[in-house]
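Chain residues, written in single-letter form:
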Amino acid sequence: RARGPLAGRTVVVTAGGTREPLDPVRFLGNRSSGKQGIAIARAALAAGAKVRFVAAHMDDPAPEGVELAATSTALELREAVNAAAEGADVLVMAAAVADFRPAEYAASKIKKGDDGGAPTIELVRNPDILAELVARRNAEGQRSRLPRLVVGFAAETGDAAAGVLEHGHAKLSRKGCELLVVNQVGEKLVFGTDRNSVTVLSADGSGPRRFEGTKDRVAAGIVGIIGAQLSR
Ligand code: C5P
């Protein structure tokens with residue numbers, strides 16, 4: 001039997017970036033490497049949890065010892081998350097999910113044409129997987145088997161620290177999750193690197209907690225907060 005603060009718990013972790021196909025060779029993607037989500041999955045395993053890992057596109061392989069679901073698009077990730085979340089205690093949405101997808105998929109490669117013009121790509125909104133799941137859980141009430149602890153991530157490109165946190169608090173209540181991990185991102189910050197610096201906001205009113213260092217260090221901090229909240 002597993003030992004540790006999360007023994008007997010099931011944690012769903014999503015990681016990586018979704019890809020929204022335009023045609024058979026092109027997609028709209030993002031810079032998420034999956035590293036922070038992978039580190040969280042490892043930290044949860046080390047804490048004794050059973051981990052269901054829903055991966056989008058990542059630079060590194062999924063950790064050993066997880067139950068793996070491989071996905072590509074936001075709609076696929078949503079299906080996998082909804083299935084994995086049934087009966088789980090915690091959902092950590094570290095994946096970078098595309099907010100939009102091309103309205104149409106071209107079955108053959110989009111051609112340049114001879115007129116020198118360029119196509120206009122129409123986008124449609126993707127569902128907000130996290131917000132949707134929280135809303136469903138709350139509507140189900142006591143009998144819900146969906147995670148009672150949902151952790152969202154907010155990648156903010158703003159640089160004024162105060163503004164970023166204010167924005168984070170607004171997002172926390174808008175999404176309805178219990179915890180929100182806010183990190184400042186930019187082309188040279190965070191993505192693909194092994195370091196991170198985050199502020200964890202909690203809906204229970206406890207003060208913000210800051211973690212800085214390797215993504216493993218940050219993961220240990222986040223998993224520590226999860227363990228503490230579950231044991232209450
Ligand atoms: O609103 P924003 O995209 O900044 O929210 C980020 C959080 O919401 C992340 O936890 C991300 O995994 C989740 N998300 C989602 N579905 C989307 C977009 C984001 O679950 N369509």
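Scoring rules and cut-offs
- Residues numbered from 1 in each chain as written.
- Predicted model: local features only at pLDDT ≥ 70, side-chain atom pairs only at ≥ 80, totals over all residues.
- Heavy atoms only, no water.
- UniProt positions renumbered as here; feature names shortened; annotations may be inferred.
- Buried < 20%, exposed > 50% of the residue type's maximum accessible area, 1.4 Å probe, protein only.
- Helix = DSSP H or I, 4+ residues; strand = E, 2+ residues; numbered from the N terminus.
- Pairing = 2+ DSSP bridges.
- Near = heavy atom within 4 Å.
- Polar contact = N/O pair within 3.5 Å; in protein donor to acceptor, adjacent residues only side chain to side chain.
- Areas by Shrake-Rupley, 256 points an atom, 1.4 Å probe, with all protein chains shown as cover.
- Nonpolar A, V, L, I, M, F, W, Y, C, P; charged D, E, K, R; others polar.
- Contact = heavy atoms within 4.5 Å.
- Core = buried A, V, L, I, M, F, W, Y, C linked by side-chain atoms within 4.5 Å.
- Salt bridge = Lys/Arg side-chain N within 4 Å of Asp/Glu carboxyl O.

Taking an unreviewed UniProt entry as the reference, the protein is identified by name as Coenzyme A biosynthesis bifunctional protein CoaBC belonging to Arthrobacter halodurans. Regarding the protein, the relevant UniProt record gives this comment under Function (unreviewed entry): "Catalyzes two sequential steps in the biosynthesis of coenzyme A. In the first step cysteine is conjugated to 4'-phosphopantothenate to form 4-phosphopantothenoylcysteine. In the second step the latter compound is decarboxylated to form 4'-phosphopantotheine."

Peer 1: I keep staring at the pairing of strand 6 (residues 90-93) and nothing clicks. Help me out?
Peer 2: As a general feature of sheets, a regular strand has side chains that alternate between the two faces. Side-chain alternation along strand 6 places Val90 and Val92 on one buried face and Leu91 and Met93 on a second face that is also buried. Pairing of strand 6 with strand 9 (residues 149-156) involves four bridges; the strand directions are parallel. Residue pairing across strands places Met93 opposite Gly152, the latter belonging to strand 9.

Peer 1: Hey, could you run me through the site of the ligand in this one?
Peer 2: Met93, Ala95, Pro127, Phe153 and Lys171 are the nearest of the 13 residues found near the ligand. One of the backbone nitrogen or oxygen atoms of Ala95 is found 2.8 Å away from an oxygen atom of the ligand. One nitrogen or oxygen atom from the side chain of Lys171 is found 2.4 Å from an oxygen atom belonging to the ligand. Computed on the free molecule, the ligand has an accessible area of 450 Å², of which 87% lies beneath the protein chains in the complex. Of all the secondary-structure elements, those providing two or more residues to the shell around the ligand are helix 3 (129-140), strand 9 and helix 4 (161-175). Of the residues belonging to the shell around the ligand, the class tally is eight nonpolar, one polar and four charged.

Peer 1: Looking at this model, I keep getting lost on the UniProt feature "binding site: CTP" (unreviewed entry) in the protein. Mind explaining?
Peer 2: Following the UniProt record, the feature "binding site: CTP" (unreviewed entry) maps to Asp99, Lys109, Pro127, Asp128, Ile129, Leu130, Phe153, Lys171 and Lys175 here. These annotated residues cover 77 residues of sequence, and their C-alpha atoms reach 38.0 Å apart at the extreme, placing them across more than a single site. For Lys109, the position within the fold is in the loop between strand 7 (100-102) and strand 8 (123-125). Taking the relative accessible area as the measure of exposure, Lys109 reaches 44% and is therefore partly exposed. Aside from chain neighbours lying at most four places away, what touches Lys109 is Asp23, Pro24, Val25 and Arg26. For Asp128, the position within the fold is in the loop between strand 8 and helix 3.

Peer 1: How should I be thinking about the nonpolar core in this particular structure?
Peer 2: Across soluble globular proteins, nonpolar side chains have a tendency to be buried as a group. In this structure, Leu6, Phe53, Val92 and Ile226 are the most contacted members of the largest nonpolar core, which totals 35 residues. Put simply, the parts of the chain that give this core at least two residues each are strand 1 (10-15), helix 1 (35-46), strand 4 (50-55), strand 6, strand 9, strand 10 (179-184), strand 11 (195-202) and helix 5 (215-230). Among the elements that line this core, the one with the most residues is helix 5, at seven residues. Leu6 has contacts with Val11, Ala44, Ala47, Gly48, Ala49, Val223, Ile226, Gly227 and Leu230, leaving out every residue within four places of it along the chain.

Peer 1: Can you help me understand the pattern of salt bridges in this one?
Peer 2: Oppositely charged side chains may form a pair once their charged atoms are brought near each other. Per the counting criterion, the structure on display carries 13 salt bridges. Here Asp194 ties to Lys35 by a salt bridge, and the two come within 4.0 Å at their closest N and O atoms. Taken together, the positions of Asp194 in the loop between strand 10 and strand 11 and Lys35 in helix 1 put the pair 159 residues apart, joining distant regions of the chain. Taking relative accessible area as the criterion, Asp194 reaches 53% and is therefore assigned exposed. Overall, Lys35 belongs to the buried group, its relative accessible area being 16%.

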